[in-house]
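# Structural overview
So you can see what is in the structure, the chains are spelled out below.
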Amino acid sequence: MASSEIKKEYSNGEITIVWKPEKCIHSGVCVKTLPEVYDPKAKPWITPEHATTAELMSQIDKCPSGALSYYVNS
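Please read all numbers here as calculations on a predicted model, not as lab measurements. (Residues numbered from 1 in each chain as written. Predicted model: local features only at pLDDT ≥ 70, side-chain atom pairs only at ≥ 80, totals over all residues. Heavy atoms only, no water.)

### Describing the overall build of the protein chain
Condition: Starting at the N terminus, helices and strands are each numbered in turn, a helix being any DSSP run of H or I of at least four residues and a strand any DSSP run of E of at least two. Each residue's exposure class comes from its accessible area (1.4 Å probe, protein chains only) as a fraction of the maximum for that residue type: buried when under 20%, exposed when over 50%, partly exposed otherwise. What makes two residues a contact is simply this: any of their non-hydrogen atoms within 4.5 Å. Computed by Shrake-Rupley with a 1.4 Å probe, the accessible areas treat only the displayed protein chains as cover when residues are assessed.
For the protein chain, the helix and strand inventory stands at two helices and three strands. For the protein chain, the N- to C-terminal ordering of α and β elements is β-β-α-α-β. When the 74 residues of the protein chain are sorted by exposure, 30% land in the buried category. Taking all contacts inside the protein chain whose residues are at least 6 apart in sequence as the whole, residues at least 24 apart take part in 54%. As presented, the protein chain carries roughly 4800 Å² of accessible surface, and 56% of it is formed by carbon and sulfur atoms.

Structure representation (C-alpha cells):
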C-alpha cells in the first residue's frame with residue numbers, strides 16, 4: 001500500500017530539508033530559531049539558503065514533532 005503522506009523538500013545545495021506537514025504540531029521552534037529561513041506567510045515558506053548548513057541541521061534536530069528532517073546531498 002502506497003503512503004499518501006505529503007512531503008516537501010527544500011535544498012540549499014548541501015542538505016535537503018524534508019517537511020511533512022501532517023506531522024507538524026505548530027510548536028514554532030523553527031520560526032523562533034531561524035525566522036530568516038522559516039516564514040509561514042511566504043511561498044515557499046522555507047528558504048534554506050538564508051542560514052548555514054550547520055544552523056539548519058541544529059534547528060531541525062530540535063523539531064519536537066519530527067515534521068522537519070534533512071538528508072545530506074551526495
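### Let's talk about the packing of aromatic side chains
Let me state the cut-off plainly: Planes of paired rings set the category: under 30 degrees apart is stacked, over 60 is edge-to-face and the rest tilted, where pairs are Phe, Tyr or Trp rings (Trp by its six-membered ring) whose centres lie within 6.5 Å.
What the rule picks out here adds up to two aromatic pairs. Here the aromatic rings of Y38 and W45 are separated by 5.6 Å at their centres, their planes lie at 50 degrees, and the arrangement is tilted. On the basis of relative accessibility, which here comes to 1%, the residue Y38 falls in the buried class.

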